[in-house]
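# Summary of structural features
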Amino acid sequence: MIVRLQAFARETMKPWKWAALACGAVLWSAPSPQQAPEPKIMKQGFGKTPDGVPVELYTLTNRKGVRVSITNYGGIITSLLVPDRNGRSRDIVLGFDTLEGYLKGHPYFGAIIGRYGNRIGQARFTLDGVEYKLAKNDGDNHLHGGLKGFDKVVWKAREYTDGDGLHVALDYRSRDGEEGYPGNLDVNVVYTLNDNNQLRIEYTATTDKPTVVNLTNHSYFNLAGEGDILGHVLQIQADYFTPVDQGLIPTGELRPVKGTPFDFTTPTAIGARIDADDPQIRFGRGYDHNFVLRGAAGTLREAAEVYEPSSGRVLRVLTTEPGLQFYSGNFLDGTLRGKGGQVYAHRSGFCLETQHFPDSPNKPQFPSTVLRPGQTYRSTTVFEFSAR
Ligand code: GLA
């Protein structure tokens, strides 16, 4: 049909008219790059650390308009563009435009946390009869791996594409004694973006001495891209949480969420009970607690879902971990200026940190975080995005 039309046009039209028509047809038939971009990975320089180590930024774009940027400094997710219900994209994570922003210090925006995500009470634990003393960086406690955790080191990075999607693989060797932990720990983290709008994070680690491991990602989400997160509607697949003392160290109890401000078994606005007169809420200055996830740890299952009514964006979190720290950005106080000069005000981002329970090395009743030579630590978390 097209061939016959072309022949007819060629015979009946002046040559310049025919050329214009043919050109128009080509333009018209070419797919618009915005409609179905080819999945791709772009690698750029992202500056240097103070000791001169070059750092890269990897930007992964899928066919559905999701775009994530990850730097090998701290394995940080620096930006994450997700379409709303009208197809309009916005960056839904907190962070900085430049490496300098991260180097100046920040509350773990987007970073990989290790060797032990969350707190270890009194910054010490005993393993096989030996006591290990860790760096104290949260009062008397140890938080998120210590003074220089995995969020502040440069990881070896490699990007590749295969049938599963776009990948950035990060490797880091944490030396025996680093921040007080025993054993050389070889850590591998693979970020994968696929065309189902899933951002998957797979962690593995091996050690040459018995040690403890608990890895997570500390992204702060704001599904509207601005404002506070109090109107976000959250559901957590947890019937119990681990109450804490004033220093946010679990007491060891598993407490039912039923009848407390911690009941997110049905979708509930984050702000609905965040200022409740409740000692646990007071200790956390809002939510900063570990939830005991339903189902079997080690199997990938739904942990949480968050819906933001104005944009329609939805974040679903799946994990193999037994726990989930829900942190409502209570320590954000408007002093940090992030991307595009945005002020990060109180509760302008929330974290859903998949994890083993805080202080597990001192709580024999909690699922174990011990890793021994010959074993492989494995953990998978999926952040899945949609809009409705
Ligand atoms: C975690 C902790 C919080 C806080 C933030 C960073 O979520 O549980 O108490 O330290 O990291 O500010």
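Residues numbered from 1 in each chain as written. Predicted model: local features only at pLDDT ≥ 70, side-chain atom pairs only at ≥ 80, totals over all residues. Heavy atoms only, no water.

### Topic: the overall build of the protein
Note the following rule: Think of it this way: any DSSP run of H or I at least four residues long counts as a helix, any run of E at least two long counts as a strand, and we number them from the N terminus. Each residue is assigned to one of three classes by its accessible area relative to the maximum for its type, calculated with a 1.4 Å probe on protein chains only: buried under 20%, partly exposed between the two thresholds, exposed over 50%. Throughout, a contact is declared for two residues whenever any of their heavy atoms are within 4.5 Å.
Within the protein, the regular secondary structure consists of four helices and 27 strands. On the principal axes, the C-alpha backbone points of the protein span a range of 95 × 45 × 40 Å. Here the protein holds 388 residues, and the buried ones make up 52% of them. Put simply, 65% of the contacts in the protein that link residues at least 6 apart link residues at least 24 apart.

### A closer look at the site of the ligand
Note the threshold: Being near a molecule or strand, for a residue, comes down to having at least one heavy atom within 4 Å of it. For this analysis, a polar contact is any N or O atom pair within 3.5 Å, provided that within protein one partner can donate a hydrogen and the other can accept it, and provided that sequence-adjacent residues contribute only side-chain to side-chain pairs. Surface accessibility in these figures is a Shrake-Rupley result with a 1.4 Å probe; residues are shielded only by whichever protein chains are displayed. Put simply, Ala, Val, Leu, Ile, Met, Phe, Trp, Tyr, Cys and Pro go in the nonpolar bin, Asp, Glu, Lys and Arg in the charged bin, and everything else, Gly too, in the polar bin.
Within the structure, the ligand sits among 13 residues, and Arg119, His144, His218, Asp288 and Glu353 are positioned closest to it. In this structure, an oxygen atom belonging to the ligand sits 2.4 Å away from a side-chain N or O atom of aspartate 288. Here an oxygen atom of the ligand sits 2.9 Å away from a polar atom, N or O, in the side chain of glutamate 353. Coverage of the ligand by the protein chains reaches 94% of its 300 Å² of free accessible surface. Looking at the shell around the ligand, its residues break down into seven nonpolar, three polar and three charged.

### Describing the sheet that holds strand β1 (residues 40–48)
Filter applied, for reference: Any two strands with at least two DSSP-identified bridges between them are counted as paired. Here, axes are lines fitted to C-alpha atoms. For helices the fit covers the stretch in contact, and angles between N-to-C directions go from 0 to 180 degrees.
Across the sheet, which stays open at both edges, the five strands sit in the order β1-β2-β3-β4-β5 with antiparallel pairing between neighbours. At either end of the open sheet lies a strand with only one pairing partner, and these are β1 and β5 (89–91). Along the sheet, successive strands turn relative to each other by an average axial angle of 15°, direction set aside.

### Things to note about the environment of lysine 156
Topologically, lysine 156 is positioned in strand β11 (residues 156–162). Setting aside chain neighbours within four positions, we find lysine 156 in contact with Ala169, Leu170 and Asp171.

### Description of the packing of aromatic side chains
Rules: Each Phe, Tyr or Trp ring, with Trp reduced to its six-membered ring, pairs with another whose centre is within 6.5 Å; inter-plane angles below 30 degrees give stacked pairs, above 60 give edge-to-face pairs, and intermediate values give tilted ones.
The final tally for this structure, using the stated rule, is 21 aromatic pairs. Geometrically, the ring pair formed by phenylalanine 150 and tyrosine 172 is edge-to-face, given 5.4 Å between the ring centres and 65° between the ring planes. Here tyrosine 172 lies in strand β12 (residues 165–174) and phenylalanine 150 lies in the loop between β10 (142–143) and β11, a separation of 22 residues in the sequence. The class for phenylalanine 150 is buried, based on a relative accessible area of 1%. Residue tyrosine 172 is classed as buried on the basis of its relative accessible area of 14%. Centre to centre, the rings of phenylalanine 221 and phenylalanine 383 are 5.2 Å apart; their planes meet at 70°, and the pair counts as edge-to-face. With phenylalanine 221 in the loop between β16 (216–217) and β17 (233–236) and phenylalanine 383 in strand β27 (residues 377–387), the pair connects residues that are 162 residues apart, well separated along the chain. Each member of the pair, phenylalanine 221 as well as phenylalanine 383, carries the same accessibility label: buried. Among the aromatic side chains, those forming a connected cluster through ring pairs are Phe96, Tyr102, Phe109, Tyr220, Tyr327, Phe331 and Tyr344.

### Some points on the pairing of strand β24 (residues 323–327)
Among the five residues of β24, five are classified as buried, and the element is accordingly described as predominantly covered. As paired elements, strand β21 (residues 288–293) and β24 share five bridges and run antiparallel to each other. Across the sheet, residue aspartate 288 finds its bridge partner in β24, namely tyrosine 327. Sheet topology places β24 next to strand β25 (residues 351–355); five bridges connect them, and they run antiparallel. Bridged to phenylalanine 326 within β25 is leucine 352.

### What to know about the pairing of strand β3 (residues 67–71)
A regular strand places its side chains on the two faces of the sheet in alternate fashion. When you tally the buried positions in β3, you get four out of five residues, the bulk of the element. One ladder, built from five bridges, connects strand β2 (residues 54–61) with β3; its direction is antiparallel. Residue threonine 61 lies in a different strand from β3, and its bridge partner there is arginine 67. Where β2 hands over to β3, the hairpin turn is made up of five residues, of which glycine 65 adopts a positive phi near 85°. Here β3 runs beside strand β4 (residues 77–83); their pairing, made up of four bridges, is antiparallel. Bridge pairing links isoleucine 70 to isoleucine 77 in β4.

### Some words on the sheet that holds strand β18 (residues 238–242)
Spatially, β19-β18-β21-β24-β25 is the arrangement adopted by the five strands of the open sheet, whose pairing is antiparallel. The open sheet has two edge strands, β19 (255–256) and β25, and neither has a second partner.

### Regarding the side chain of arginine 115
Quick note on the threshold: Only four residue types enter the charge count, namely Lys and Arg as positive and Asp and Glu as negative; His and the chain termini do not. What makes a salt bridge here is a side-chain nitrogen of Lys or Arg within 4 Å of a carboxyl oxygen of Asp or Glu, nothing more.
Secondary-structure assignment places arginine 115 in the loop between β6 (112–113) and β7 (119–120). No salt bridge is formed by the buried arginine 115, whose closest oppositely charged neighbour, glutamate 178, lies at an N-O distance of 5.5 Å. Polar side-chain contacts of arginine 115 include one of 2.8 Å to the side chain of serine 174. Separated by 3.0 Å, the side chains of arginine 115 and threonine 211 make a polar contact.

### What about unusual backbone geometry?
The step from glycine 114 to arginine 115 runs through a cis peptide bond, and the omega angle for that step is 5°. In this structure, asparagine 118 is a non-glycine residue whose phi angle is positive, near 80°. With respect to the helices and strands, the residue asparagine 118 is situated in the loop between β6 and β7. The residue arginine 285 is not glycine, and still its phi comes out positive at about 55°. Within the fold, arginine 285 resides in the loop between α4 (279–284) and β21. Arginine 285 gets classed as partly exposed once you look at its relative accessible area, which sits at 47%.

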